[in-house]
Amino acid sequence: MTQLTKFGNFLIDKGYFTFDFIEKATVKLHEYGDTSPSALARLLVDEFKAPHDPVYEALSKLYAFASYEIDPETMSAEQIAQTKDIVGKFPDEFKKKLFFKKIFPLRIQSTGREVLFVLAADPTDKILQEIPAQTQYKRYEVAWCKLKTIEDLIQKIAPQKNEFLQLLEEAGEIIVDMEKSDTGVNEAALDEEINKSLLVNLFEGALVEAVRKDASDVHIIPYSKNAIDLYFRVDGKLSLWHRQENTPPESPGGSGQRPQYRSGQV
């Protein structure tokens, strides 16, 4: 019998998972050689498809992190403005890394000294330790928060642009300008090159957004003769993310078939 880790026993004792489930995960954990609580949490979510929030809620309790709940829709205009001001002081690249890890700086604590209050889907993530070096905030406090809540906060306070979709829009504007002008260029060759560029940006944009949303699947489905739909499966629910009009027949989905790509395999 494989000896369970402290976190494994904690998950069983608190009723998060069954003994058999944790035992199977622990066997795999020992194969990888890292038996830390964080490693077990990642393994459970990534390979054993355990739901994210219960696993990391348990991890936060193991390390005595506080948990925090907030409804972004009930935030006042003053709260939103204050949070935007805090987020705006973070270096862009560091901010992107935090958002990718589902970490969000929410407010300044009133404790006599300036303490940044941070929400994290994984409060043990080591990138949090970089906050004092990367920002003006030298003291911070971390609380665990549900994954969806942090995603909603990011979308409301500091929505991230998808650079590939932005390129798609810019390419569409170029096409319109070209159609209005008579340059004497080989239109067939130009269309082919533009379509290739559009499809590359569309597909890469879908992968970027799938990672941001923690999607398990990306589905490319024909909508009509000249359009395709891209769907993401998040937490078991499949929903439309983007519809690309004027898609050429040779594009993914244009043949009338229904190719599907699992985001973790691409």
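Being a predicted model, the structure only gives us computed values, none of them experimental.

### Re the overall build of the chain
Part 1 of the argument: A count of helices and strands for the chain gives 10 helices and eight strands.
Part 2 of the argument: Looking at the 266 residues of the chain, the share that counts as buried comes to 39%.
Part 3 of the argument: Excluding contacts between residues fewer than 6 apart, the proportion of contacts in the chain whose partners are at least 24 apart in sequence is 56%.
Part 4 of the argument: If you sum the accessible surface of the chain, you get close to 15600 Å²; carbon and sulfur atoms cover 49% of it.

### Looking at helix H2 (residues 19-32)
Part 1 of the argument: In a regular helix each residue adds 1.5 Å, so 14 residues correspond to 20 Å; H2 covers 20 Å between its end C-alpha atoms and thus fits that length.
Part 2 of the argument: All of the buried residues along H2 are Ile22, Ala25, Thr26 and Leu29. The buried residues of H2 occupy one face: seen down the axis, they fall within an arc of 110°. Those residues of H2 that are exposed and angled more than 90 degrees off the buried face are Asp20, Lys24 and Glu31.
Part 3 of the argument: Along its buried surface, H2 packs onto helix H1 (6-13) and helix H3 (37-46).
Part 4 of the argument: Where H2 ends, the next residue or the one after it, Gly33, has phi of about 90°, a positive value.

### Observations regarding the side chain of Asp229
Part 1 of the argument: One can find Asp229 in strand S6 (residues 227-234).
Part 2 of the argument: Judged by relative accessible area, Asp229 falls into the buried class, the value being 4%.

### Points about the pattern of salt bridges
Part 1 of the argument: Counted according to the given criterion, the structure contains 10 salt bridges.
Part 2 of the argument: Note that Asp34 and Arg42 form a salt bridge whose closest N and O atoms lie 3.9 Å from each other.
Part 3 of the argument: Asp152 is the partner of Lys148 in a salt bridge, and the nearest nitrogen-oxygen pair spans 3.0 Å. Here Lys148 and its partner Asp152 are both found in helix H8 (residues 147-157), four residues apart, which amounts to about one turn of the helix.
Part 4 of the argument: According to the relative accessible area criterion, Asp152 is partly exposed, its value standing at 30%.

### Comments concerning the sheet that holds strand S2 (residues 103-110)
Part 1 of the argument: The sheet built from four strands is open, its strands ordered S1-S4-S3-S2 with mixed pairing. Looking along the sheet, the strands with just one partner apiece sit at the ends: strand S1 (66-67) and S2.
Part 2 of the argument: Contacting S2 and strand S3 (114-120), H8 crosses the sheet at an angle of about 80° to S2.

### Focus on helix H5 (residues 77-88)
Part 1 of the argument: Compared with an ideal rise of 1.5 Å per residue, which puts 12 residues at 16 Å, H5 spans 16 Å between its outermost C-alpha atoms and is within 8% of the ideal.
Part 2 of the argument: For H5, the set of buried residues is Ile80, Thr83, Ile86 and Val87. Here the buried residues of H5 occupy an arc of 125° about the axis, which is enough to place them on one side. Among the exposed residues of H5, those oriented more than 90 degrees off its buried face are Ala77, Glu78 and Gly88.
Part 3 of the argument: Packing partners of the buried residues in H5 comprise helix H6 (92-100), S2, S3 and H8.

### Regarding a negative patch on the surface
Part 1 of the argument: On the surface, Asp46, Glu47, Asp214 and Asp235 cluster together into a patch of negative charge.
Part 2 of the argument: As for its placement among the helices and strands, Asp214 is situated in the loop between helix H10 (187-212) and strand S5 (217-224).

### Quick look at the environment of Tyr63
Part 1 of the argument: Within the secondary structure, Tyr63 sits in the loop between helix H4 (52-62) and S1.
Part 2 of the argument: On the accessibility criterion, Tyr63 (41% relative accessible area) is partly exposed.
Part 3 of the argument: For the pair Tyr63 and Thr124, spaced 61 residues apart in sequence, the C-alpha separation works out to 8.4 Å.
Part 4 of the argument: For Tyr63, the residues in contact, after removing those within four places along its chain, are Pro37 and Thr124.

### Re the nonpolar core
Part 1 of the argument: Phe7, Leu11, Leu40, Leu44, Val55 and Tyr56 are the most contacted members of the largest nonpolar core, which has 20 residues in total.
Part 2 of the argument: Elements that contribute at least two residues to this core include exactly H1, H2, H3 and H4.
Part 3 of the argument: For this core, the element with the most residues is H3, which contributes six residues.
Part 4 of the argument: With residues near it in sequence (within four places) discarded, Leu11 still touches Tyr16, Phe17, Ile22, Leu40, Leu44 and Ala58.

What counts as what
- Residues numbered from 1 in each chain as written.
- Predicted model: local features only at pLDDT ≥ 70, side-chain atom pairs only at ≥ 80, totals over all residues.
- Heavy atoms only, no water.
- Helix = DSSP H or I, 4+ residues; strand = E, 2+ residues; numbered from the N terminus.
- Buried < 20%, exposed > 50% of the residue type's maximum accessible area, 1.4 Å probe, protein only.
- Contact = heavy atoms within 4.5 Å.
- Areas by Shrake-Rupley, 256 points an atom, 1.4 Å probe, with all protein chains shown as cover.
- Expected span 1.5 Å × (residues − 1).
- Arc of directions from axis to C-beta.
- Salt bridge = Lys/Arg side-chain N within 4 Å of Asp/Glu carboxyl O.
- Pairing = 2+ DSSP bridges.
- Axes fitted to C-alpha atoms, helices over the stretch in contact; angles between N-to-C directions.
- Patch = residues over 30% accessible without salt bridge, like charges linked within 9 Å, V, L, I, M, F, W, Y side chains within 5 Å.
- Lys, Arg positive; Asp, Glu negative; His and termini not counted.
- Charge placed at Lys NZ, Arg CZ, Asp CG, Glu CD.
- Core = buried A, V, L, I, M, F, W, Y, C linked by side-chain atoms within 4.5 Å.

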